[in-house]
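Here's the letter readout for the chains.
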Amino acid sequence: MQLIDRFLPHGTNFDFIRYRLVAFGITAVLVLGSLTLIVVKGFNFGIDFAGGILIEAQSTEGPADLHAMRTSLSALELGEVSLQQFGTTGRDVMIRVQRQAGDEKAQMAALAKVKDTLGSGYSYRRVEIVGPKVGDELVRDGILAVVFALGAIALYIWFRFEWQFGVGALVSTFHDVITTFGVFALTGLEFNLTTVAAILTIAGYSVNDTVVEYDRVRENLRKYKTMSIYDLINLSVNETLARTILTVTTVFVTVLALLFF
């Protein structure tokens, strides 16, 4: 806290509530834009949800030649085949093959074709085959997980504080979750079970800061009975600002480490 005080003097009084209408407008644009993208463009569902074959291959002879791999695999006529390079060495490739018509034998035959085409210059770190029934069940379970998590968060805030606080927490958490969905729809990033776990983490992190803010608001409601709600909310946000900056910065640095390393 002493470190943050060098940049954020004690007794700060930023008028956050003054810009509430601007914030409401930006929020409305983000939410409506995200919903539009989800409906119009949809998600790039991973093998977990869409079904198909997922292969993690690693070249044993130096960096993988994506162009040559794509050309040879496309000639197999297995439908949509996508390749994505990952890692820092250029040797690791994620191969996604759409689900083949037929039973598990048809999927295994397609997998064998891929391996035969790539030859002995690749080792295989992971192979997954997901059927459409399993994919549909995972979609349903993923939706239920997010809905139940948001509902449980709202109930907790309701009993911990007041029902108005619960509604506010639900709306703010919904905003964070839906805009994350919108980013995935906009960028076409693969949407899989790991994404669902990340979204639940975002919801938990979002409500964590909300609870801290609400707790300070409740304390100040008891302490300053004659203060207007406008000034009281501004005071509460300013009093928890240092803590918010420290927490967000710590998480941001951790996420950067995950992103780059």
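Since we're looking at a predicted model, the values are computed, not measured. (Residues numbered from 1 in each chain as written. Predicted model: local features only at pLDDT ≥ 70, side-chain atom pairs only at ≥ 80, totals over all residues. Heavy atoms only, no water.)

1. Considering the environment of Leu 32
Mapped onto the elements of the fold, Leu 32 is located in helix α2 (residues 20-40). Sequence separation between Leu 32 and Asp 116 is 84 residues, and the spatial gap between their C-alpha atoms is 47 Å. (Helix = DSSP H or I, 4+ residues; strand = E, 2+ residues; numbered from the N terminus.)

2. A closer look at the nonpolar core
Ile 157, Val 177 and Phe 191 are the most contacted members of the largest nonpolar core, which has 22 residues in total. Contributions of two or more residues to this core are made by α6 (132-160), α7 (163-187) and α8 (193-223). In terms of residue count, the dominant contributor to this core is α8 (7 residues). Counting residues in hydrophobic clusters, the runner-up holds 18 residues, among them Ile 53, Ala 57, Leu 66 and Met 69. (Core = buried A, V, L, I, M, F, W, Y, C linked by side-chain atoms within 4.5 Å. Buried < 20%, exposed > 50% of the residue type's maximum accessible area, 1.4 Å probe, protein only.)

3. A few points about the sheet that holds strand β2 (residues 52-59)
The strand order across the open sheet formed by 4 strands is β3-β4-β2-β5, and the pairing between neighbours is antiparallel. Each end of this open sheet is capped by a strand with a single partner; those strands are β3 (81-86) and β5 (122-130). Between one strand and the next, the sheet's axes are offset by a mean angle of 15 degrees, whatever the strand orientation. Direction of pairing for β3 relative to strand β4 (residues 92-98): antiparallel, over a ladder of 6 bridges. For Val 81, the partnering residue across the bridge sits in β4 and is Val 97. Lying on the sheet, helix α4 (residues 66-74) is in contact with β3, β4 and β5; it crosses β3 at an angle near 160 degrees. (Pairing = 2+ DSSP bridges. Axes fitted to C-alpha atoms, helices over the stretch in contact; angles between N-to-C directions. Contact = heavy atoms within 4.5 Å.)

4. Notes on α2
The end-to-end C-alpha distance of α2 is 30 Å, a good match for the 30 Å that 21 residues give at a rise of 1.5 Å each. Looking one or two residues past α2, Gly 42 carries a phi angle of roughly 75 degrees, positive in sign. (Expected span 1.5 Å × (residues − 1).)

5. A short note on the pattern of salt bridges
The full count for this structure, using the stated rule, is 8 salt bridges. The partner of Asp 141 in a salt bridge is Arg 140, and the shortest N-O contact between them spans 3.4 Å. Between Arg 216 and Glu 239 there is a salt bridge; the shortest N-O distance is 3.2 Å. Taken together, the residues span a long stretch of sequence, with Arg 216 in helix α8 and Glu 239 in helix α9 (residues 229-239) at a distance of 23 residues. With relative accessibility at 26%, the residue Arg 216 sits in the partly exposed group. The class for Glu 239 is partly exposed, based on a relative accessible area of 35%. Several salt bridges share partner residues, and in doing so they unite Arg 216, Glu 219 and Glu 239 into one network. (Salt bridge = Lys/Arg side-chain N within 4 Å of Asp/Glu carboxyl O.)

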